[in-house]
Structures are given as structure tokens and as C-alpha cells.
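So you can see what is in the structure, the chains are spelled out below.
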2 protein chains.
Amino acid sequence: MKLDRQTIQLAAISLLNEDGLEALSMRTLAKALDVKAASLYFHFKNKDELMEGIAELISSRISQRLAKVENCDFYQLAHILREELKRVNDSPRIFEDTYPFTPNRTKLIVLGMKLMQDLGVDKRHLTVAGNMGNNFVLSYVADEQYFARDSQRQMPPEFAEQFPSPIDLANPDEAFNYGLDIFIHGLQATTK
Amino acid sequence: MKLDRQTIQLAAISLLNEDGLEALSMRTLAKALDVKAASLYFHFKNKDELMEGIAELISSRISQRLAKVENCDFYQLAHILREELKRVNDSPRIFEDTYPFTPNRTKLIVLGMKLMQDLGVDKRHLTVAGNMGNNFVLSYVADEQYFARDSQRQMPPEFAEQFPSPIDLANPDEAFNYGLDIFIHGLQATTK
DNA sequence: ACCTGAACACCGTTCAAGT
DNA sequence: ACCTGAACACCGTTCAAGT
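Residues numbered from 1 in each chain as written. Chains lettered and ligands numbered in written order. Predicted model: local features only at pLDDT ≥ 70, side-chain atom pairs only at ≥ 80, totals over all residues. Heavy atoms only, no water.

Before going further, it helps to spend a moment on the packing of helix 5 (residues 74–86) of chain A against helix 8 (residues 126–149) of chain A. Residues and elements named next belong to chain A. At a minimum axis separation of 10 Å, helix 5 and helix 8 run at an interaxial angle of 40 degrees. Classified by the angle between their axes, helix 5 and helix 8 sit oblique to one another. The way helix 5 lies across helix 8 gives a crossing that is right-handed. The residues of helix 8 that touch helix 5, namely those facing A78, L81, R82, L85 and K86, are V137, L138, Y140, V141, E144 and Q145. Of the residues assigned to the contact of helix 5 with helix 8, the class counts are seven nonpolar, one polar and three charged. (Axes fitted to C-alpha atoms, helices over the stretch in contact; angles between N-to-C directions. Helix = DSSP H or I, 4+ residues; strand = E, 2+ residues; numbered from the N terminus. Parallel < 35°, antiparallel > 145°, perpendicular 65-115°, else oblique. Left-handed = near helix turned anticlockwise from the far one by under 90°. Contact = heavy atoms within 4.5 Å. Nonpolar A, V, L, I, M, F, W, Y, C, P; charged D, E, K, R; others polar.)

Set out below in C-alpha cells:
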């Protein structure tokens, strides 16, 4: 078997999409690649570095898609970010768990802050606002994937009664836009 | 040794505050309690149930504090939530990983939604807005605790240059209020 | 240069057995 | 009722050894 970092990362993503993060071990990954676990350590220093590579790979996909968008605004960034995160099961957890300043991720962070500046956000607030926007999308996708996984563990019935037919994760696109609106209007309201 | 769920949960919180979540195993916890790992399974079905108990314990602390506040508004809920989460290292991760509808947590969710309704949020939007508010505080505390842990792994210097002297996690209280303002003003702007 | 066998020090969990 | 010994099936990681 001829391994390289790319094929290992892609195999890892396949496993994630089948069984989720907790089923992804160096051993199951090796087995999927028809290789021994120790071999992976020739290509990655450790599991953390592999996870970092996955986050970076996803970030590069996002960068590539963004490059094709002209006059990209913050809405489009948020939507593309969400879409690409959704393509990899448990990606929000992976992003939370890894070092964020790899090349393509840094590009995204810088772009996000630039687009916020275009929205009128003061320079002193950029890091907080950027973090908050990032956290919003990550948490949103995490909730979506959690919801998709356990259609069982829902709200207890007495609870559900109180909030009938809401715009919720059953209407995920609408709900995402609503959340995004809150954030963007909030940004603008606090900069005026 | 006379064990019960409370003492086990408190010992677990102590370990979290010393070495963080990844150092908390059933075995290290048992050792801290001067007992064997198998004993813990008399009191908790499994590790997940223990984690759920910890989240519920933190939620009960929050409930107790809130009970003493008269005319509680959404700001105060957010601040007390943040403060109590900060008392337990890696608590945001624990909240994300566990079933949310335990008794005291459910009380907090219902209260949060009520306070949002007071703010003028439409009933149809309550679940999304509630989730978003919850995610905001959890992510914020997670970032604070991450920042406090690795004072090393900072922004790379070329990056830091672009954003001089921001209101960021080095001014955590100010930054939290700024983020909270964004959220609340955004809520109000999208309900008008 | 790239992969493996074999080991090390861990995990969560179960369950018959002890008191 | 409450705890333990001993085991099972896993982890991530290392490293001498193979090709």
C-alpha cells in the first residue's frame, strides 16, 4: 500500500462519515487502509497532527470554493463554511480540538475579519466578533449533526408542548439564516 | 470508603480543575477516592452518566444562584452561567457531550427562553434563539479556558500584527459583554 | 524511505466473588 | 448493599527490525 498524508486524511473522513469521531482510532483507520497502525506514524507525528490535517483539508476546500465567489460577503462565507463543515461528520469537534492557525484556516480567519470590517465592525472588536462568528457556525453545525444522529433523544414531551411548531433544527436552513441575521444585525447595532 | 454520587461528582470536578478533561478517567477518579474503578459502576451506569451528573450539578448551582436574584434578566442569566461554567475546567465540553434535558438543565433552558420572550423574541424563534444563546456562552467559556491553558500556542506573529490591541480574550469581561450585546441587540433588531 | 511486530502504559466496562 | 480482583476488548504510541 502506498500511503501519503492526503489518502490517510481522506480515509479518515470516510470513517468519520460512517461512524463518527469516537469510532475513529489509529487502529480502525489503519485497518481501513489495509496497513498497520504503526505505519501511520511515519506520516503523522501523532493523532492530533492528523486531526489538524483534516481541519486544514476542510479549510482548503472552503478556500477553493470562496475563490470562485466574486464580491463575497459575510453571508456567503458563513453559508459555505456551514456547507463544507456538514460534509464531514463531527467536523466542528475537530475544529475545536485542533490548533487553528494552520495556513488555510488562517486565511479563512483573516477573510472573515475583513468581511466584518466591511460590515462596519470596529478594528478593536474584530477578534471578539470573529471568534463569535466562528463559534456560531461551528456550534450550529454541531447541533445539526447531533440532531441528525439521535432522532431518538429528543426533547421530553412536556417540554415540546411549550414551544409548538418553532423554526428550529427541523427547518435547518431557515433557522441558520435567522441566527445569522441575529449576529449580523447585532454587529451593526453595536457599531452605530 | 463511603461513596455516593455527590462525592464522586465533586471528586471528578476537583480532578477536572487540576488536569482537565482528558486526564479524568474512571481509574484516576477511583484512585483519587481511594477505591477501585469497578466500584464507581455501582453508583453510575457508565462514564456518560457520570458526566451528565456533573453537568446537572453545575446546573443546580446556577439555579440556586438565580433563585436569589430578583427581576432576573437575560444579561444576569448569561453572566451567572458564565461564572459557574468557569468554576469547572472543561465544563463546556461536558455540557456539549451530555444529554441536555436533565431536571436542572431543563429549568435553565426554560428560564432562558422566558427571558428571551421578555426581550421581545417571537415564540416561533425561541428554540433557535435559545440554542444560539446557550452556544454563545458555552463557546465563550471554552475559549477562555483554552486561552488560559496554553499561553504558548498563541496567534502567529504576522497574524497578531494585523490586529493591534484589540478587545479580546485578554480583556475577557469586556469582551463577554460586547459579545452579549451583539447577541441581544441582534435579537431585538430581528424582532422589530 | 517506508512499513511491521511486538510491546508499553493506558482506557471503559463486566461480573463473579467477597464482606 | 456495597466493594474488589481479574479479566476483556480496546486505545495511542514507540522502536527495533525488516524490506
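As a further point, take the nonpolar core. Residues L29(A) and L29(B) are the most contacted members of the largest nonpolar core, which totals 118 residues. In this structure, L29(B) is in contact with I8(B), A11(B), A12(B), L15(B), L24(B), L40(B) and L50(B), ignoring residues within four places of it in sequence. (Core = buried A, V, L, I, M, F, W, Y, C linked by side-chain atoms within 4.5 Å. Buried < 20%, exposed > 50% of the residue type's maximum accessible area, 1.4 Å probe, protein only.)

The next thing to look at is the packing of helix 8 of chain A against helix 10 (residues 172–189) of chain A. Residues and elements named next belong to chain A. Taken N-terminus to C-terminus, the directions of helix 8 and helix 10 make an angle of 165 degrees; their axes are 11 Å apart at the nearest point. In terms of orientation, helix 8 and helix 10 fall into the roughly antiparallel class. Our pair here, helix 8 against helix 10, has a crossing hand that is right-handed. Within the contact between the two elements, helix 8 uses A129, M132, G133, F136, V137, Y140 and E144 and helix 10 uses P172, A175, F176, G179, L180, F183 and L187. Within the contact of helix 8 with helix 10, the residues separate by chemical class into 11 nonpolar, two polar and one charged.

Keep in mind these numbers describe shape, not what the thing actually does.
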